[in-house]
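Coordinate inspection notes
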Amino acid sequence: MTQVNGIEFTQNLVPSSKYSIKCPNVMIAKKITIHNTYNDAKASNEVSYEVTNANQVSFHIAVDDLGAIQGIPFNRNAWHCGDGANGYGNRNTIGVEICYSKSGGSKYTKSEQNAIKYIAALCVQQGIVATTDTIKKHEDWSGKHCPHRILDEKRWATVQKAIIDEYSRITKAPSKPSITPSKPATGSTNAGGSVVDYLNSKKIDSSMANRKKLAVNYGIANYTGTAAQNTALLNKLKAGAAPSKPTQSVYKGNSLVDYLVSVKKASDKASRAKLASQNGIKNYTGTAAQNTQLLKKNAWILKNKMEKREFIK
Ligand SMILES: [Zn+2]
């Protein structure tokens, strides 16, 4: 079983032979539209009914007390907003049905709580920033009284805010560095936990790309930004541990050009000729013998320079 933000997630996707009925258009989701099913069926039944009937009615996800079930791919549109074939809701939003709304009760309450957690994570997955502008209700598109239970209980603003708050919570968690804002907060001081905060407090670029570079320098292999790797990196940065030697400085081959490239020095012939004259090699024409001589003379000089180079930009 897959979990998304603690919610069980399964798929019962509509067969592609039915795309023309259920989800004919490619879509890049920009917003979420929330519905109540006006029914007392579980999510698996809602989705299996959706994908087997031949009606031009569809939604992407149904959520109940047990979890979330997907019926339509997120990169295709679904017919759930009642705003027409080219309506903004139908063509740009992911439809989420919250189950058991007809009679309410504890199953409904749990379904709605699950939907809040799931939708927040769905926003992160889809690159949608959860705001009052992106978390919409069916009513916003066509005036239909949906999600009926939430509207009847006058809780739309509360539910919408709960999704936005949950989105903020999971995007600020230190275990999600890939979505942590990379802009340094000016004058901030590091309170402890986060490597991003630490780097920001030192006015060092905390982007994923730079953390990757730092991880290499500190000997952390295959950095992907996991919480464990971030903690390791933070500890090493704080300890001021000497970075492991850059791989560029340990070139052991016999090609001068490759060596110069490996240490990011100009390797064109003019540059090599200049280097040659600086090293007392006269009439440099780029012969193999001259290159080898130059390589031997220069390897240690450049190596020393490399080790003194700034490893943090
Ligand atoms: Zn609806």
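Procedures and definitions
Residues numbered from 1 in each chain as written. Predicted model: local features only at pLDDT ≥ 70, side-chain atom pairs only at ≥ 80, totals over all residues. Heavy atoms only, no water. Helix = DSSP H or I, 4+ residues; strand = E, 2+ residues; numbered from the N terminus. pLDDT = per-residue confidence, 0-100. Contact = heavy atoms within 4.5 Å. Buried < 20%, exposed > 50% of the residue type's maximum accessible area, 1.4 Å probe, protein only. Pairing = 2+ DSSP bridges. Axes fitted to C-alpha atoms, helices over the stretch in contact; angles between N-to-C directions. Donors = N, O, S within 2.8 Å, 3.2 Å for Na, K, Ca; no water.

1. Structural notes on the environment of leucine 295
Here leucine 295 lies in helix 13 (residues 288-308). In this structure the C-alpha to C-alpha distance between leucine 295 and serine 255, which are 40 residues apart in sequence, comes to 7.6 Å.

2. Let's talk about the confidence of the model for the protein chain
On average, residues of the protein chain carry a pLDDT of 84, and 83% of them reach 70 or more. Confidence over residues 244-249 falls short of pLDDT 50; this stretch has 14 contacts with residues more than four positions distant or in other chains. Between residues 300-313, whose pLDDT stays under 50, and residues either more than four places distant or in other chains, the model counts 24 contacts.

3. A word on the pairing of strand 3 (residues 31-36)
Strand 3 sits mainly inside the fold: six of its six residues count as buried. Of the two faces of strand 3, the one carrying Lys31, Thr33 and His35 and the one carrying Ile32, Ile34 and Asn36 are both buried. Where strand 3 lies against strand 6 (residues 93-98), six bridges are found, and the strand directions are parallel. Each residue of the ladder has a partner; that of threonine 33, found in strand 6, is glycine 95.

4. Side note on the sheet that holds strand 1 (residues 2-4)
Ordered in space as 1-2-5-4-6-3-7, the seven strands form an open sheet in which the pairing is mixed. Every other strand in the sheet has two partners, leaving strand 1 and strand 7 (135-137) as the edge strands with one partner each. Sheet twist, expressed as the average angle between the axes of neighbouring strands with direction ignored, equals 30°. Sheet analysis places strand 4 (residues 61-63) next to strand 5 (residues 68-70), joined by three bridges and oriented antiparallel. Bridging from a neighbouring strand, valine 63 pairs with alanine 68 of strand 5. Sheet strands in contact with helix 7 (residues 156-172) are strand 3 and strand 7, and its direction is about 150° off that of strand 7.

5. Considerations on the coordination of the zinc ion
The coordination sphere of the zinc ion contains the protein donors His35 (ND1), His138 (ND1) and Cys146 (SG), at a distance range of 2.1 to 2.3 Å. Mapped onto the sequence, the donors of the zinc ion take the spacing H-x102-H-x7-C. Each member of the pair, histidine 138 together with cysteine 146, is buried.

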